[in-house]
Amino acid sequence: MAEAADFPGTSPSPARRWLRRTGALLAGAPLLAGLLQLPALPAHADAAAGVKEASDTGSVSVAVDSLSPAVPTDGDTVTVSGTVTNKGKQAVTKAHVGLRVGSALTTRSAIDDAADDAEDLSAGYDSEVGGKYVAKFDKLTPGVAEHFSISVPVDELDLGGDGVYPLAVSLSGETSAQQWDQVLGVQRTFLPWQPDGADTETRTTILWPLVSSVHMTAETGSNASQTPVFLNDDLAEEIAPGGRLDQLLSLGKDLDVTWVIDPDLLASVDAMTGSYRVRADGDTTTAGTHQAVAKKWLAALQDAVADKEVVALPFADPDLASLAHDGTGVSGSLSQFKAATDVAATTVETILHVTPSTDFAWPLDGAVDPSIVKVATSAGADKVIARSDSLAETGSLTYTPSAARPIGGGTTAVVADARLSKTFQGDLTNASASTLAVQEFLAQSLALNLQTHKQRSIVVAPQRTPTAGQAQAMAAAVTALQDSGWSQSQDLSAAATAKPDGGATTKVPTRSSYPSALRKQELPKSAFEQIAATQDTLDSFKVILTDKSRVVTPFGRATNREMSTSWRGRSSAASTFRQGVQSYLDTLTDQVKLIDKSETKLSGRSATIPVTVQNNLVQGVHHLVLRLSSSNNTRLEIGGDDYDEQRIEVSGGHSTTVKFTTTANVNGQTTVIAQLYTEDGQVYGAPVTFDVKVTEITATVMLVIGGGVLLLVLAGFRMYTQRKRAAAREAQEAEAADDAEDADDADDPATSEDTEEGTAAEADGAPGTSEDAEGDTGEESAAGSGADDPEQPSDGTADTAAESAAPSGTGERVDR
């Protein structure tokens, strides 16, 4: 059962070291007791003891910058190069660097112990190879680094059978306080040795991740191509020659690896190949200038993955653990995850021209619990990439089992080996750290292979975003592994479908087992609530658009980015990004709005009120309804009721004015509310409220005015008739005078007849006087009839000319 300590997920190293050092202490106890009976040591001896204690920590730093070949075989010459630096205050004389090879390490946990004690002098060391295979220095000056290189035939290392051998590179010398040869510094590494190849090779899958942080915003230009806006120019630095992503691409293209790609990274680089802008200070942006770099990187990636397996993560690599622990209680969160999964394959196929696998989910660091597995598989994935320090072995297996584990519900956990996966973490920018990581990786791989003659499928899942230094170390290790005699390459899909070990654990750990350090970095529930609010705004906005894709696509991808795993440990930046998305969406929705109105006056019983809707978007809007309502329908009716509504369609960059018929019943002031709605009854935008002041002219006043006008007309008519009658009388009088003159010449009987005719004429004139009276009476009747007419000038409905898009002026009057 001692081999059980070799399993991923266990940590026996501290206990083993404690037992070893306690045993040494107990063994030395009798000697210590005897020393206590001796006379006190002289003062200079005490000082020497103090120097010896200091030397255990290593007064000289030894760095192994290169070990070649990493996996030697028969006939090879092993070359170890590096530097030694005197960290003490005294010069070191008669110094030399030598190599020390220990006995083969038989377990993986023993390799862990040796790696932990890499620079510890108290951990002990084996005898030196010596002879001519040393590098000598007359003097090591404090603070000065000296280079060394030692080449030794592998036959001189006295290696035995297949196995992992500890290789210590030590610096020995003297100081003025300690004038005897002693080890003053050491660096331990490993020498994998299997010259004849393995009977059974381990099938090893290496995941090669191309994942970055969020770079694109939701903002796009108003032009036809919708020029994208980037948060910064960091992505250009990553894909530029020597950048992190450029290193991963150039190193990975020659390796047998499975590419794991975030489609958002591809979409972002693809956007950089055309016109794009980069956010500067405040709201200003500058033109992007790295189109050539982006085109070159994408072309190289297309060539690299042409005949390789590609696994596409959901768009923007959503944080599965955060979603499982904090997001499932928020409506719409799982829909966002499903959308991110659905768009992944299309993005990769369009840009890289390969068909990716989308049935793998990869929680951060491979940490799983039942809720994470449930969310990971909710969008269609049936394989979850876990890690062996999460899904740890609890059985009696004496070897590391294959990666595939059926965990129920048709789901397979692909368990990556924790030791191999975590080897390339930390700062690997210097050559020494990188070399040690490579040798430890190879040592663990060989030790794993030597556990059993049973062929297994092992998966290595390194960190999501390795640095350039880490990528270089990974590439060196994978290259050496693929040239070794104990491993053969395998795709991730093959590893997932390989026959699982019957004794391997298939129980997913409980939620309480999820690492607390990772839990503290998760997106909070409030983040998912804010994402849901943004989605609600988008849903209301898109229904009125004539070209929804201009808004749905950029904002849909932006909401995916809000859930990205890359926000881990960057809560402030994540919050700022979410607020920026919502703010920009609010800015767009505000482009379709009602124009403010000031107080409006109605100078009659009925009139029309114009309301203007303005659209400052580049595209038209439709499916909108404008409702005008009265706060007091007793005083002011709109459309024959307390409100009226009309459908609205406005072209891009234009405004339209619609008119509502109103009826005033009582004089006074009434508040009117104009509000836009979508066709499904959802409120759109802010309402516009204004006052309507009714100043209707009364019936009595109208009668007085009408009567006055009528009297003026009748007076004119009377004057006209009187003048006409006066003229007629004058004509009669003139004719009568002529007749009288003729009568003087006649005899008396004629005069009598004339008198009778005159009397008759006067009788005929009487009716004329009666007509005048009747005429006057008729006119007065007409006047009286006019006074009884109830009709008013304010009656009737008139139209109104189109209103300007500008806000109404103070004291606005409404056309009738």
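Residues numbered from 1 in each chain as written. Predicted model: local features only at pLDDT ≥ 70, side-chain atom pairs only at ≥ 80, totals over all residues. Heavy atoms only, no water.

Peer 1: Sorry if this is basic, but what is going on with the overall build of the chain here?
Peer 2: In terms of helices and strands, the chain carries 21 helices and 30 strands. Out of the 816 residues in the chain, the part that is buried amounts to 47%. Taking as baseline every contact in the chain between residues at least 6 positions apart, the subset at least 24 positions apart corresponds to 78%. (Helix = DSSP H or I, 4+ residues; strand = E, 2+ residues; numbered from the N terminus. Buried < 20%, exposed > 50% of the residue type's maximum accessible area, 1.4 Å probe, protein only. Contact = heavy atoms within 4.5 Å.)

Peer 1: For this particular structure, what's the right way to read helix H9 (residues 320–327)?
Peer 2: At 3.6 residues per turn, the α-helix brings residues three or four places apart onto the same side. The buried fraction of H9 amounts to 8 of the 8 residues, a majority that puts the element mostly inside the structure. Within the span of H9, buried status applies to Leu320, Ala321, Ser322, Leu323, Ala324, His325, Asp326 and Gly327. On its buried face, H9 sits against helix H10 (333–352), strand S15 (360–361), helix H11 (370–376), helix H16 (516–519) and helix H17 (525–542). Measuring from the side-chain oxygen of the N-cap residue of H9 to the backbone nitrogen of Ala321 gives 3.3 Å; that N-cap residue is Asp319. (Polar contact = N/O pair within 3.5 Å; in protein donor to acceptor, adjacent residues only side chain to side chain.)

Peer 1: Sorry if this is basic, but what is going on with the sheet that holds strand S27 (residues 654–664) here?
Peer 2: Across the sheet, which stays open at both edges, the 4 strands sit in the order S21-S23-S27-S25 with antiparallel pairing between neighbours. Looking at the sheet topology across the chains shown, the edges are occupied by strand S21 (592–594) and strand S25 (636–638). Each strand of the sheet is rotated relative to its neighbour by a mean of 30°, with strand direction disregarded. Here S21 runs beside strand S23 (residues 606–615); their pairing, made up of 3 bridges, is antiparallel. Directly across from Val592, in S23, lies its bridge partner Asn615. (Pairing = 2+ DSSP bridges. Axes fitted to C-alpha atoms, helices over the stretch in contact; angles between N-to-C directions.)

Peer 1: Please clarify how the environment of Val354 should be interpreted in this entry.
Peer 2: Tracing the backbone shows Val354 in the loop between H10 and S15. Taking relative accessible area as the criterion, Val354 reaches 12% and is therefore assigned buried. When the C-alpha atoms of Val354 and Asp307 are compared, they prove to be 8.7 Å apart, with 47 residues separating the residues in sequence. Apart from residues no more than four positions distant in its own chain, Val354 is found in contact with Val305, Ala306, Val310, Val348 and Glu349.

Peer 1: What is the right way to read the sheet that holds strand S6 (residues 163–174) from this model?
Peer 2: Two orientations exist for strands paired in a sheet by backbone hydrogen bonds: parallel and antiparallel. With antiparallel pairing, 4 strands are arranged side by side in an open sheet as S4-S3-S6-S7. The open sheet has two free edges, formed respectively by strand S4 (134–140) and strand S7 (182–193), since each of these has just one partner strand. Neighbour to neighbour, the strand axes of the sheet diverge by 15° on average, direction disregarded. Sheet analysis places S6 next to S7, joined by 11 bridges and oriented antiparallel. Residue pairing in the sheet places Tyr165 in a bridge with Leu191 of S7. The strands touched by helix H13 (residues 431–450) are S6 and S7; relative to S7, the strand with the most contacts, the crossing angle is about 45°.

Peer 1: How should I be thinking about the nonpolar core in this particular structure?
Peer 2: When a protein is soluble and globular, its nonpolar side chains tend to lie buried together. Of all hydrophobic cores here, the largest spans 74 residues; its most connected members are Phe541, Phe555, Leu626 and Leu628. If sequence neighbours within four positions are ignored, Leu626 has contacts with Leu594, Val611, Val613, Asp644, Glu645, Gln646, Ile648, Val658, Phe660, Ala674, Gln675 and Leu676. Membership of the second largest hydrophobic core comes to 66 residues, among which are Val71, Leu352, Ala443 and Ala471. (Core = buried A, V, L, I, M, F, W, Y, C linked by side-chain atoms within 4.5 Å.)

Peer 1: Can you walk me through the packing of helix H18 (residues 549–561) against helix H19 (residues 571–589) in this structure?
Peer 2: Axes are the key here: two packed helices are described by the angle between their axes and the distance separating the axes. Contact pair H18 / H19: the axes reach a minimum separation of 10 Å and the direction vectors enclose 160°. Relative to H19, the element H18 is oriented roughly antiparallel. Handedness of the crossing formed by H18 with H19: left-handed. When H18 is examined against H19, the residues Phe555, Ala558 and Arg561 are found in contact with a partner set consisting of Phe577, Val581, Tyr584, Leu585 and Leu588. Its residues assigned to classes, the contact of H18 with H19 comprises 7 nonpolar, no polar and 1 charged. (Parallel < 35°, antiparallel > 145°, perpendicular 65-115°, else oblique. Left-handed = near helix turned anticlockwise from the far one by under 90°. Nonpolar A, V, L, I, M, F, W, Y, C, P; charged D, E, K, R; others polar.)

Peer 1: I would appreciate a short explanation of the packing of aromatic side chains in the present structure.
Peer 2: Any aromatic ring pair is given by two values, namely how distant the centres are and how the planes are angled relative to each other. According to the stated counting rule, one finds 4 aromatic pairs in the structure shown. Centroid distance Phe230 to Tyr276: 5.2 Å. Interplanar angle 65°. Geometry classified as edge-to-face. Note that Phe230 is positioned in strand S10 (residues 228–230) and Tyr276 in the loop between helix H7 (263–272) and strand S12 (277–279), a separation of 46 residues in sequence. You'll find Phe230 and Tyr276 in the same group, each marked buried. Ring geometry for Phe555 against Tyr584: centres 5.7 Å apart, planes inclined by 20°, an arrangement best described as stacked. (Phe/Tyr/Trp six-rings, centres within 6.5 Å; stacked < 30°, edge-to-face > 60°.)

Peer 1: In this structure, what is going on with the pairing of S6? I would like to understand it.
Peer 2: As a general feature of sheets, a regular strand has side chains that alternate between the two faces. Burial of S6 is extensive: 12 of the 12 residues sit out of reach of the surface. Neither face of S6 is left uncovered, since the one carrying Gly163, Tyr165, Leu167, Val169, Leu171 and Gly173 and the one carrying Val164, Pro166, Ala168, Ser170, Ser172 and Glu174 both have all their residues buried. Direction of pairing for strand S3 (residues 92–101) relative to S6: antiparallel, over a ladder of 7 bridges. Bridge pairing links Val97 to Leu171 in S6.

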